[in-house]
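# A closer look at the structure
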Amino acid sequence: MKSISHFLPFLLLVVPLIWGLYGFFKTRSGSNKTLTTDRRSGVILIINSAVLYALAFNIIFFIQELFLALGKRWLGLKAVLYHNNHNWEGSHPMESLAQGYGAAAIFVTGLICLFFANRTKQSSHWTHLFLLWLAFQGLVQSIPQFITAKVAADTDTGQAFTYLGIGEGLGFIISIAGIIAMLYTAVLFSKYLVRLSPSIDLVSTASGRFGYLFRIALLASVVRVILIIPFRSMPWDRALAPVMVTLISIPMVFAHGWKAKISNTINSDVNKKIVIVPITLLLILLLIFQLILAKGVSM
């Protein structure tokens, strides 16, 4: 069972590939009546979504490190918080358990943001997409940590699992449940993102939905990785985190496009013009990360 568990995360790549190809061949003989957007509108959408995606990623990642540091502080240890890391001095019998606080915190954050995103699902304001990306990042940054916790005991959540005495059997069940949760999350957000389309006609066909998701999710996530690199600190392997998160989450969002049928769209502001506020917030966050948090804040 342990050897099988090591291969479970690969399902997050294999299932989207199979599902997407199945949908492509199943729908390619259907109606060819597909509306297209002009290049300018596509670029606007990619930029807005990428900026909001990058903003959400960095905020969620920071919340994780914040609660990891707070977990040590609550145990009476001296913790130092950085923009994408933390460390501490001293020891405590429960410090291994506290290593799981970060994943738990961002998972709850994701659920809270998803609740508010659903409450504002009729809003065309850019903040709705921001809430969606916050919810998405909260879930897809946390769930994989539970999937790999048992087979990677040295990770943060792995140490928490060891402290809790979670065995191979339960660990395997948690991994399977995590895989299902990740795929379901991607399927859910595929429909949420398609709803932001300028018109129902644009996404009335499988190719139209694939096209919109290609811009708002796939291409935007590639640009987002580039935007996040300045937020990371040396060594460069820290830049792998946003790449890996994208690799195990966005493919299923895109692959489900052929099946993500909706009844109405809201024509989000992110389709119409480049939104300046998120860009400003991203730049401010970068300054805070690199000028203040990169030096470390004692807690």
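Reading the values: rules and limits
- Residues numbered from 1 in each chain as written.
- Predicted model: local features only at pLDDT ≥ 70, side-chain atom pairs only at ≥ 80, totals over all residues.
- Heavy atoms only, no water.
- 1 Å grid on protein atoms, 1.4 Å probe; cavity = no way out; pocket = protein on both sides within 12 Å on 5 of 7 lines; lining within 4 Å.
- Points joined across faces, edges and corners; volume = space filled by probe spheres on them.
- Helix = DSSP H or I, 4+ residues; strand = E, 2+ residues; numbered from the N terminus.
- Nonpolar A, V, L, I, M, F, W, Y, C, P; charged D, E, K, R; others polar.
- Salt bridge = Lys/Arg side-chain N within 4 Å of Asp/Glu carboxyl O.
- Buried < 20%, exposed > 50% of the residue type's maximum accessible area, 1.4 Å probe, protein only.
- Contact = heavy atoms within 4.5 Å.
- Polar contact = N/O pair within 3.5 Å; in protein donor to acceptor, adjacent residues only side chain to side chain.
- Pairing = 2+ DSSP bridges.
- Axes fitted to C-alpha atoms, helices over the stretch in contact; angles between N-to-C directions.
- Core = buried A, V, L, I, M, F, W, Y, C linked by side-chain atoms within 4.5 Å.

## Structural notes on the layout of surface pockets
Counted as a void, the largest pocket has a volume near 890 Å³. Looking at the largest pocket, it is lined by 28 residues, and the ones nearest its centre are Q141, Q145, A241, M244 and V245. Breaking the lining of the largest pocket down by element, the ones donating at least two residues are α2 (11-27), α3 (39-74), α6 (126-147), α7 (156-164) and α10 (240-247). In terms of residue class, the lining of the largest pocket is made up of 15 nonpolar, seven polar and six charged.

## With respect to the pattern of salt bridges
For the structure shown, the criterion picks out one salt bridge. When the shortest N-O distance is used, the salt bridge between D269 and K272 registers 3.5 Å. On the basis of relative accessibility, which here comes to 22%, the residue D269 falls in the partly exposed class. The class for K272 is partly exposed, based on a relative accessible area of 42%.

## Quick notes on the environment of A69
Positionally, A69 belongs in helix α3. Linking A69 and L81, residues twelve residues apart in sequence, is a C-alpha distance of 6.0 Å. Contact partners of A69, with chain neighbours within four places excluded, come to A79, L81, H86 and M299.

## Details of the side chain of H86
Tracing the sequence through the fold places H86 in strand β2 (residues 86-89). Given a relative accessible area of 9%, H86 falls into the buried group. A polar atom in the side chain of H86 sits 3.0 Å from the side chain of E65. Engagement of the side chain of H86 in a polar contact is seen with the side chain of K72, the distance being 3.1 Å. Not counting chain neighbours up to four residues away, the residues in contact with H86 comprise E65, L68, A69, K72, V80, L81 and Q99.

## A closer look at unusual backbone geometry
For N267, which is not a glycine, the phi torsion comes out positive at approximately 50°. In this fold, N267 is placed in the loop between α11 (250-255) and α12 (276-291).

## Comments concerning the pairing of strand β1 (residues 78-81)
In regular strands, side chains alternate between the two faces of the sheet. When β1 meets β2, the two strands line up antiparallel, connected through four bridges. If you follow A79 over to β2, its bridge partner there is W88. Two successive antiparallel strands, β1 and β2, enclose a turn made up of four residues. By the bridge criterion, two bridges tie β1 to strand β3 (residues 297-298) in an arrangement that is antiparallel. Across the sheet, V80 pairs through a bridge with S298, a residue of β3.

## Topic: the sheet that holds β3
Pairing is antiparallel in the open sheet, where three strands are placed in the order β2-β1-β3. Two strands bound the open sheet, and with one partner strand each, they are β2 and β3. Across the sheet, α3 touches β1 and β2, and the angle it forms with β1 is around 170°.

## A word on the nonpolar core
Among the nonpolar cores identified, the biggest contains 62 residues, and L129, W133, F136, F189, L193, L196 and I216 are the most heavily contacted of them. For this core, the secondary structure elements donating two or more residues are α3, α5 (101-119), α6, α8 (168-194), α9 (206-228), α11 and α12. Residues contacting F136, with those up to four places away along its chain left out, are Y53, T185, F189, S249, I250 and V253.

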